[in-house]
Amino acid sequence: SMRKVEPYKAKDGTVTYRVRFRLNGESTSITFRGPEAKKDAGEFAGMLAAIGPAAALEWQRRNETEGNSTTGPTLDEWAEHYITTRTRITEGTRHGYRRAYALSYGPLLGSMPVKSITRTHVANALNHLATRGGRSGKGYSDKTLANAHLLLASMFKEAVEDELIRKPPTKGIQVPRAT
């Protein structure tokens, strides 16, 4: 079922198309939205087959930054791209980044397009993690919060470097401290 375009129909009737593929031995996917979603998903699946996942992701990212896509990648999609393309890190570190993201900002901001995330969204998510995050639901430790926020800030810094956004919504936000 890899590289297959799968349609999903939401409750409101909108249809998105997901393309699943393997990257560095791990299963991952990209979801396409909007009026051109089916065509875009088909094109991406074709690129996967032709040039492989890493090059296809790069091609996809270039297409999105050139404005062929109305919304661009979601934060979840961008996180996966960011974590996948880190160099000089071990697979263990990569797994740690994925886990840290999935437990922190992913559930709060992951479905939003990177371009639409504001400083307010980030601050609200940060305050939520500080007060209600973690396994206990009593808030993250200072170190966990700082690490999660550093990962998010790094992701947005790269989004600026890749000309996806003009300035990072994490800029100037102070991480709350419990102690």
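Refer to the structure presented above.
Rules behind the numbers
- Residues numbered from 1 in each chain as written.
- Predicted model: local features only at pLDDT ≥ 70, side-chain atom pairs only at ≥ 80, totals over all residues.
- Heavy atoms only, no water.
- Buried < 20%, exposed > 50% of the residue type's maximum accessible area, 1.4 Å probe, protein only.
- Helix = DSSP H or I, 4+ residues; strand = E, 2+ residues; numbered from the N terminus.
- 1 Å grid on protein atoms, 1.4 Å probe; cavity = no way out; pocket = protein on both sides within 12 Å on 5 of 7 lines; lining within 4 Å.
- Points joined across faces, edges and corners; volume = space filled by probe spheres on them.
- Nonpolar A, V, L, I, M, F, W, Y, C, P; charged D, E, K, R; others polar.
- Phe/Tyr/Trp six-rings, centres within 6.5 Å; stacked < 30°, edge-to-face > 60°.
- Lys NZ or Arg CZ within 6 Å of the ring centre and 35° of its normal.
- Polar contact = N/O pair within 3.5 Å; in protein donor to acceptor, adjacent residues only side chain to side chain.
- Salt bridge = Lys/Arg side-chain N within 4 Å of Asp/Glu carboxyl O.

The subject of this paragraph is unusual backbone geometry. Non-glycine residue Arg88 carries a positive phi angle of around 60°. For Arg88, a relative accessible area of 85% corresponds to the exposed category. Of note, the phi angle at Glu163 is positive, near 60°, even though the residue is not glycine. Among the secondary structure elements, Glu163 is positioned in the segment after α7 (142-161).

A word on the layout of surface pockets. Estimates place the volume of the largest pocket at around 370 Å³. Every residue lining the largest pocket is counted, 17 residues in all, and those nearest its centre are Ser29, Thr74, Asp76, Glu77 and Glu80. Sorting the residues of the lining of the largest pocket by element identifies β3 (26-32), α3 (75-84) and α4 (91-103) as the ones contributing at least two each. Element by element, the count of residues in the lining of the largest pocket is highest for α3, at 5 residues. Partitioned by chemical class, the residues of the lining of the largest pocket number 4 nonpolar, 7 polar and 6 charged.

Right, let's talk about the packing of aromatic side chains for a bit. Scanning the model with the defined rule gives 2 aromatic pairs in all. Geometrically, the ring pair formed by Phe21 and Phe44 is edge-to-face, given 5.5 Å between the ring centres and 65° between the ring planes. Placement of the pair is Phe21 in strand β2 (residues 15-23) and Phe44 in helix α1 (residues 37-51), with a sequence separation of 23 residues. Note on accessibility: Phe21 and Phe44 belong to one class, buried. A centroid spacing of 5.7 Å and a plane angle of 50° characterise the contact between Phe32 and Phe44, whose relative ring orientation is tilted. Note that Phe32 is positioned in strand β3 and Phe44 in helix α1, a separation of 12 residues in sequence. Just as Phe32 is buried, Phe44 falls in that class too. In textbook terms, an aromatic cluster arises when at least three aromatic residues are bridged by ring pairs, as seen for Phe21, Phe32 and Phe44. The residue whose ring lies beneath Arg86 is Tyr82, and the NZ or CZ to ring-centre distance is 3.8 Å.

Time to look at empty space enclosed by the protein. Enumeration over the complete set of coordinates arrives at 1 cavity of 30 Å³ or more. Quantified by volume, the largest cavity comes out at close to 160 Å³. The wall of the largest cavity is formed by 14 residues, among which Ile30, Leu57, Pro73, Glu77 and His81 lie closest to the centre. For the lining of the largest cavity, the secondary structure elements donating two or more residues are β2, β3, α2 (53-68) and α3. Residues of the lining of the largest cavity, tallied by class, amount to 6 nonpolar, 4 polar and 4 charged.

This part covers the environment of Glu91. Among the secondary structure elements, Glu91 is positioned in helix α4. One polar contact links Glu91 to Arg94, side chain to side chain, over a distance of 3.0 Å.

What the rule picks out here adds up to 10 salt bridges. Salt-bridge contacts for Arg20 lead to Glu6; the nearest nitrogen and oxygen are separated by 3.0 Å. Pair noted here: Arg20 is in strand β2 and Glu6 is in strand β1 (residues 5-9), with a separation of 14 residues, a long-range link. Judged by its relative accessible area of 26%, Arg20 is partly exposed. In this structure Glu6 comes out as buried when scored by relative accessible area, which is 13%. Glu26 is paired through a salt bridge with Arg98; the nearest N and O atoms lie 3.1 Å apart. Taken together, the positions of Glu26 in strand β3 and Arg98 in helix α4 put the pair 72 residues apart, joining distant regions of the chain. Residue Glu26 is classed as partly exposed on the basis of its relative accessible area of 30%. Taken together, the shared-partner salt bridges connect Glu36, Lys39, Asp40 and Glu43 into one network.

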